[in-house]
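What the coordinates show
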Amino acid sequence: MAPAAEGIVAAAPTVRRRRLGEELRRLREDLGPTAEEIATRIGWSPSKLSRIENARIGVRVSDVRLLLELYEVEEGHMGEILALAQAATQRGWWDGYRHTLSERFAAYVALEDEASEAYLYSTYIVPALLQTREYALGVFETGRAIVLSTPREVEHALEVRMRRQELLSRQKPLDYSAIIDESVLLRLVGDRKIMRRQLEAMLKMAELPNVELFVQPMNVPREPIIGESFTLLTFTPAYDVRFPDVAYIDSFQLQLDVQDDKITDRYRRAWEALKRSSLSGEESLRLISRVLREVWQEDAD
């Protein structure tokens, strides 16, 4: 990844930057002074410190050191926080697509890139990280009538989607568990050949040790009944700094990531309940294979 402007935390709202802001806030609150009092001591505006703590603006590593010294942080932990601040100066690969990604979706891509686990529930289409390029193009093409995307924007969206899929095969891969509604397997996107290749790709991806697929059948009672797709991201501590779980809700009119523990806990419990009403991993793969064979077989063209 290319370095950011020298000595300044990158503008992209990465997890590293958010971790840094939250830890700086925690250290200040443990010490006692308000943001206004700290800002006055070092000649900053109160809004600047607030925006740093909320990861809304970048911050020089030298300024992080100034704050840590003011907070009288012990040497060992200071080293960890400064290492985190230095790591946050690195821009993500998605920065090259900043002109085509919405601010909110770019923030989600940054979160996804640094997550250790992802728990997903998909009601309508194959999850993005499991889509073939042909299937993804079919999804984007059907949406062009609504969002009025240009062919170039569609191509950039495809590039981003394919790049995101590297999370599943990188050196330290994302642990990925997806629950898919059975209707997803039956809903035509593109043509029959695209559907065949898509289901074949899903079976292949399920062979990865870090990927789990579960199908929620249509002929069994469901509890809870949830109509929206969502993803729950979890993160391992970095430099002894914890980052909260994130629930991402993606619907027709809304893209929202939530870090409130009460809300993310509800989504975790919802995902676990949905898994209980789904087929096991082996049963799910058998169902996918059967749909591939009986619905999308070649001689059905």
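Predicted model only: the values in this text are computed from it and were never measured. Each chain carries its own residue numbering, running from 1 in the direction its sequence is written. Under the rules for a predicted model, residues below a pLDDT of 70 receive no local features and side-chain atom pairs below 80 are neither given nor counted, while totals for whole chains, interfaces and linings still include all residues. Excluding hydrogens and water, the side-chain figures rest on all heavy atoms present in the structure.

The subject of this paragraph is the overall build of the protein. Secondary structure elements are taken from DSSP: a helix is a run of H or I of four residues or more, a strand is a run of E of two residues or more, and numbering for both begins at the N terminus. Summing up its helical and strand segments, the protein has 12 helices and 6 strands in all. Burial classification: accessible surface area is computed with a 1.4 Å probe over protein chains only, and a residue below 20% of its type maximum counts as buried, one above 50% as exposed, and the rest as partly exposed. In the protein, buried positions account for 49% of the 301 residues. The contact rule is simple, with two residues in contact once any of their heavy atoms fall within 4.5 Å. Residue pairs in contact within the protein that sit at least 24 positions apart in sequence constitute 74% of those at least 6 positions apart. Only the protein chains shown count as covering a residue, and every accessible area follows the Shrake-Rupley method with a 1.4 Å probe. Per element, the accessible surface of the protein, about 15,500 Å² overall, is 49% carbon and sulfur.

A few words on helix α11 (residues 261-276). Here, expected helix span is obtained from the residue count minus one, scaled by 1.5 Å. With 16 residues, α11 should cover 22 Å at 1.5 Å per step; its first-to-last C-alpha distance of 22 Å lies within 8% of that length. Each polar contact in these results corresponds to two N or O atoms within 3.5 Å; when the atoms are within protein, one needs to be able to donate a hydrogen and the other to accept it, and residues that are neighboring in sequence are counted only if both atoms are side-chain atoms. A side-chain oxygen of the first residue of α11 lies 2.8 Å from the backbone nitrogen of Lys 262; this N-cap is Asp 260.

So, on to the confidence of the model for the protein. On a scale of 0 to 100, pLDDT captures the predictor's confidence in every residue. Across the protein, the average pLDDT comes to 86, with 90% of residues at or above 70. Here residues 1-12 is a poorly scored stretch, pLDDT under 50, and it has 37 contacts once near neighbours within four places are set aside; other chains count.

Any carboxyl oxygen of Asp or Glu within 4 Å of a side-chain nitrogen of Lys or Arg constitutes a salt bridge here. Applying the stated criterion to the full structure yields 12 salt bridges. Ionic pairing is found between Glu 114 and Arg 16, a salt bridge with its closest N-O pair at 3.3 Å. One end of the pair, Glu 114, is in helix α6 (residues 103-114); the other, Arg 16, is in helix α1 (residues 15-31), with 98 residues separating them in the sequence. Each member of the pair, Glu 114 as well as Arg 16, carries the same accessibility label: buried. A salt bridge links Asp 245 to Arg 268, with the nearest nitrogen and oxygen atoms 3.3 Å apart.

It is worth spelling out the side chain of Asp 181 at this point. Tracing the backbone shows Asp 181 in strand β2 (residues 175-181). Its relative accessible area of 7% is what places Asp 181 among the buried residues. If near-sequence neighbours (up to four positions away) are discounted, Asp 181 is found in contact with Tyr 121, Ser 122, Thr 123, Gln 216, Met 218 and Arg 222.

Relative to each other, α1 and α6 sit at 90 degrees, their axes nearing to 8 Å. For the element pair α1 / α6, the angle class is roughly perpendicular. Contacts from Val 15, Arg 16 and Arg 18 in α1 reach Ala 107, Ala 110, Leu 111 and Glu 114 in α6. Tallied by class, the residues present in the contact of α1 with α6 amount to 4 nonpolar, no polar and 3 charged. As a rule, the C-alpha atoms of each element are fitted with a line to give its axis, helices using only the stretch in contact, and angles between N-to-C directions run from 0 to 180 degrees. Roughly parallel means an angle under 35 degrees; roughly antiparallel means over 145; roughly perpendicular covers 65 to 115; every other angle is labelled oblique. Classes in brief: Ala, Val, Leu, Ile, Met, Phe, Trp, Tyr, Cys and Pro nonpolar; Asp, Glu, Lys and Arg charged; the others, Gly included, polar.

Take the packing of aromatic side chains next. In this description, an aromatic ring pair is defined by two values, namely the gap between the centres and the angle between the planes. Only Phe, Tyr and Trp rings are paired, with Trp represented by its six-membered ring, and only when their centres lie within 6.5 Å; those with planes under 30 degrees apart are stacked, over 60 edge-to-face, the remainder tilted. Inspection of every chain in the model, using the stated rule, returns 9 aromatic pairs. Relative to Trp 94, the ring of Trp 93 lies with its centre 5.8 Å away and its plane at 80 degrees, an arrangement referred to as edge-to-face. Just as Trp 93 is buried, Trp 94 falls in that class too. Taking the centre distance of 6.2 Å and the plane angle of 80 degrees together, the rings of Trp 93 and Tyr 97 count as edge-to-face. With respect to class, Trp 93 is no different from Tyr 97; both count as buried. Among the aromatic residues, those joined into a cluster by ring pairs are Trp 93, Trp 94 and Tyr 97. When the ring centre of Trp 44 is taken as reference, the NZ or CZ atom of Lys 48 above it lies at 4.2 Å. Whether a charge sits over a ring depends on NZ of Lys or CZ of Arg being within 6 Å of the ring centre and within 35 degrees of the ring normal. The ring of Tyr 124 carries the charged tip of Arg 187 above its face, separated from the ring centre by 3.8 Å.

Burial runs high along strand β5 (residues 246-250): 4 of the 5 residues are buried. Sheet topology places strand β4 (residues 230-234) next to β5; 4 bridges connect them, and they run antiparallel. Residue pairing across strands places Phe 230 opposite Ile 249, the latter belonging to β5. When DSSP finds two or more bridges between two strands, those strands count as paired.

A separate point is helix α5 (residues 75-87). Over its 13 residues, α5 runs 18 Å from end to end, which matches the ideal 18 Å to within 8%, given 1.5 Å per residue. Taken residue by residue, α5 has His 77, Met 78, Ile 81, Leu 82, Leu 84, Ala 85 and Ala 87 as its buried positions. One side-chain oxygen at the N-terminal end of α5 lies 2.9 Å from the backbone nitrogen of Gly 76; it belongs to Glu 74.

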